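Listed here are the chains, written in short residue letters.
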Amino acid sequence: MTTLLLNGSWELSNARTGERYQASVPGFVQKDLMEQGILANEYDTLFEPKIEWIEFDDWTYAREFTLGEDELSRDAIELVLEGVDTYAEVSLNGQTLGATENMFIAYRFNIKGIAQAQNKLSVRIASPTKTLKEKEAAFGEPLNLWNGIPARLFGRKAQYGYGWDWGAKVVTVGIHKPVSIEAYDVVRTDSLGYAITHLTDRKAIVNASFKVSAAGTEAVEAALRYRIFDGDTIVAERSERVSLDPGTGTYEAALEISQPKRWYPLGHGEQPLYRLEASVLDEGGEAVATMSRAVGLRDIRIDMPYDKQGRKFIIQVNGIPVLCKGINWIPLKLFPNLDTKEEYEVEIERIAAANMNMIRVWGGGTYENHDFFDACDRLGIMVWQDFMFACGDYPDDDAFSALVRKEADYVISEFGSHPSIVLWCGNNENQIFVERSRARRLHGFGEKLYFEVLHDACAADTLRPYWPSSPYSLTFDHTKLEGNYGDLHSWFVWGQTHPYEEYREVNGRFLSEFGMQSYPSNYLLNQVDPNATLRDPKLDAMQKAPNGIQRLFYYTVGDYKLPASKEQFVYVNQLLQANALRLGVEHWVSRMPDTSGALIWQWSDLWPSISWALVDYAKVHKPSYFYMKRSFQSPNAYAKITPGQDEAELYLIHDHGDFEGRIVVEFYDLDTDSVVQSVVNEVQVTGHRSTRIGTFSVAGFDASKTIVCVSLYQGETALIVNTYLLGKPHQLALKPAAVQVEQETLANGDTRFTLTTDTFAKDAGLVDLPGTLSDNYFDLRAGEKREIVLKGGLPEGAKVKVVCLNEVKTLDYV
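Residues numbered from 1 in each chain as written. Predicted model: local features only at pLDDT ≥ 70, side-chain atom pairs only at ≥ 80, totals over all residues. Heavy atoms only, no water.

*Asks:* Could you clarify how one ought to interpret the sheet that holds strand β2 (residues 8-14) in this entry?
*Replies:* Strands pair in a sheet through their backbones, by hydrogen bonds, and they do so in one of two ways: parallel or antiparallel. Taken together, six strands build an open sheet; the order of strands is β3-β2-β5-β10-β7-β8 and the sheet is antiparallel. Each edge of the open sheet is held by one strand with a lone partner, namely β3 (20-25) and β8 (95-100). Between one strand and the next, the sheet's axes are offset by a mean angle of 25°, whatever the strand orientation. Pairing of strand β5 (residues 59-66) with strand β10 (residues 118-125) involves eight bridges; the strand directions are antiparallel. Paired with Thr66 across the two strands is Gln118, which belongs to β10. (Pairing = 2+ DSSP bridges. Helix = DSSP H or I, 4+ residues; strand = E, 2+ residues; numbered from the N terminus. Axes fitted to C-alpha atoms, helices over the stretch in contact; angles between N-to-C directions.)

*Asks:* Where do I start with helix α7 (residues 398-415) in this structure?
*Replies:* An α-helical turn contains 3.6 residues, so any two residues separated by three or four positions project in the same direction. With 18 residues, α7 should reach 26 Å at 1.5 Å per residue; the first-to-last C-alpha distance of 26 Å fits that figure. Within the span of α7, buried status applies to Phe400, Ser401, Leu403, Val404, Glu407, Ala408, Val411, Ile412 and Phe415. Buried residues of α7, seen end-on, are gathered within an arc of 165° and therefore sit on one face of the element. Residues Asp398 and Ala399 are exposed on α7 and point more than 90 degrees away from its buried face. Next to the buried residues of α7 lie α6 (370-379), β26 (421-425) and α9 (447-459). The distance from a side-chain oxygen at the start of α7 to the backbone nitrogen of Ala399 is 3.3 Å, and the residue carrying that oxygen is Asp397. (Expected span 1.5 Å × (residues − 1). Buried < 20%, exposed > 50% of the residue type's maximum accessible area, 1.4 Å probe, protein only. Arc of directions from axis to C-beta. Contact = heavy atoms within 4.5 Å. Polar contact = N/O pair within 3.5 Å; in protein donor to acceptor, adjacent residues only side chain to side chain.)

*Asks:* For this particular structure, what's the right way to read the pairing of strand β9 (residues 107-110)?
*Replies:* It is a general feature of regular strands that their side chains alternate between the two faces of the sheet. Burial along β9 is one-sided: Tyr107 and Phe109 are buried, while Arg108 and Asn110, pointing the other way, are not. Strand direction decides the pairing type here: strand β6 (residues 76-81) and β9, joined by four bridges, are antiparallel. Residue pairing for β9: Glu78 is matched across the bridge by Asn110.

*Asks:* Please explain unusual backbone geometry as it appears in this structure.
*Replies:* With the exception of glycine, the majority of residues adopt a negative phi angle, and the majority of peptide bonds are in the trans configuration. For the bond from Val25 to Pro26, the omega torsion is 0°, close enough to zero to count as cis. In this fold, Pro26 is placed in the loop between β3 and β4 (27-28). Residue Pro593 is bonded to the preceding Met592 through a cis peptide linkage, with omega at 15°. Summarising the element assignment, Pro593 is placed in the loop between α13 (566-590) and β30 (597-600). Positive phi, close to 70°, is recorded for Trp494, a residue that is not glycine. Counting through the fold element by element, Trp494 comes out in the loop between β28 (488-489) and β29 (511-513).

*Asks:* Would you mind showing me how to read the environment of Asn102 here?
*Replies:* Following the sequence through the fold, Asn102 ends up in the loop between β8 and β9. Using a relative accessible area of 0% as the deciding quantity, one classes Asn102 as buried. Residues Asn102 and Leu403, spaced 301 residues apart in sequence, show a C-alpha to C-alpha distance of 8.0 Å. Leaving out residues up to four positions away in the same chain, Asn102 has contacts with Val84, Thr86, Tyr107, Arg156, Leu403 and Glu407. Within the local environment of Asn102, its side chain forms a polar contact with the side chain of Glu407, the two groups lying 3.0 Å apart.

Laid out in structure tokens, this is it:
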């Protein structure tokens, strides 16, 4: 087969104005016009009404291409559009080939007999908003939703484009994935996948299957060969002769691997990947068509044993109960699926570096590219993969259900070989809409999609389970949010403005969403406007959550005195986010296995946003990232201290397995900069879980002058030191601290910073520094040295600036 890529420069024209532009494929109309200076970009945070006209116009992408005799003489010639956003009519040389109606799937058109030596390809994309509103009107029943417009529910298009409570409204139009011509003789292969029908330490049986499309009009004799490689070594092989009838057929074979290597999540073992190869051979034994896929051998189960509270929700991998620690993932940019392999790898390596082992791909975005899943496969990051439905009623008429089934079959076939995907989930937060609409309808809107269409499609995939909704509480006649069953999105904190201390009253079985907002870095705010106040319209526009600014101030002044400058307010506001997330995470992790998952909303921002993200749009990691890195470390030791109570609880986190060592609890006095009391606990525990070790007394210690330090040792090695307060940060009587920093360039090009202080420094670190940092925002004792390693050199425009809570100047009346 020969492949001609048609990516690159295309001509773009507007049907209403007749204006012509240059466009890139893959790409989007808005992105191209922003880069050409025709439209305002996202750093003009008031840009939404300035670019809205794009979504109401029709646009045509066109280009010419040449085919040689080698392509034209082939048995089959096909045009492949891997992704079009969204409603397009495709024409070649003036002849209509067909239409697209789903941005999440690929389209293939037979162009044999239409293609010539010189060709003109045209993709006319209709206004998505006009098209969707027509579909809404034809449906005839009102649909409810959160975020965006009701018409969005009728399209198989990235839902976040119509605006979310963390994202700008950019209703994308474009050809966002590669376009190519494929020309071949006799056969083409497709949809290579596998099932694991047997897996023990002695052997694994892998059932491989793939589709073969025969181009001719008569049956063809051929040989099919299946091989599994471990590196360059063939560990399993099978061949057979078959008769390939015209059209497309599915073929399969069982292959046996001796002494198989299992794939494990990060922290529980290695991530070996085999390579499955399926080929069609000619009479001489040469491969005329070949496909390959990575194979990870693992067994995934959701274990839900009954207990006094209800039922647990534990994801088991190879029989091991796994504590799922991680984040929720939205697209990295306003423009989906344009991310590079390098961009994915940087993000997922940073997630793994934070001791996280799971990403939940949220259902209002897009199915990410193979490079995303490849990185997760390699690093042992489990993926909870939502189907792309979020926050609303969805139509479930026959035509829409058929479109969804086609999408599900495509997604499962295209991405299902990745071992990192451990769960398919039907939607994000739609159970409540199903239940509400059942009050006036026999079946709730979308009920058929999640409990029949997607369920049936996923039943064919034996590599992972299906979960109908997130959250889903195993109830169907009414929605409950108490968290005794299934997974839980906990939004009483922030969403209903409850104090974040109430996280300790939430005993969900698997926290698949929760979060606390904060401002992005001053580094990013200055890119928007260095002179803007926090109530400037440009910064206000970055806040999309209802009453978000008020909530930010409410939570921040609960923990801190009001700083006297914008820069320092942003610093303490980010610390507030870290405090809240830490309290929730450590509570839920300490409950393992009664709670077995804590996935933070959200990983990153896709525009200059005030949001729940751990990483802002400038790739500055907030303090919460480093707090979570420490809290998610395993093994670990936590203290649960409740202001006003004399006894604190002590927990050992050993979700990676058995542990023997000691926990040392020290009381550090801020007046004298010394340890005034210490308690040693010898510990020996078994299993993959958390264990309550006991209690220790905090009676008689002054909350304004005491830091509680909890250290975990294995032998003489200190694995981690966690520090806790007896009250709120605003109560601390911190002395002025002279934090010093030394900088040096390492042999590998990285940059090392060494921080020291003359007195205890609270939350010391390097502020507004984008990039990959090994550590940051930690408590530093007098005379202690802590190192921060920055991958590579300082980013352009970045400055080294040390910050600590001791040096924050506050308004004198608070």
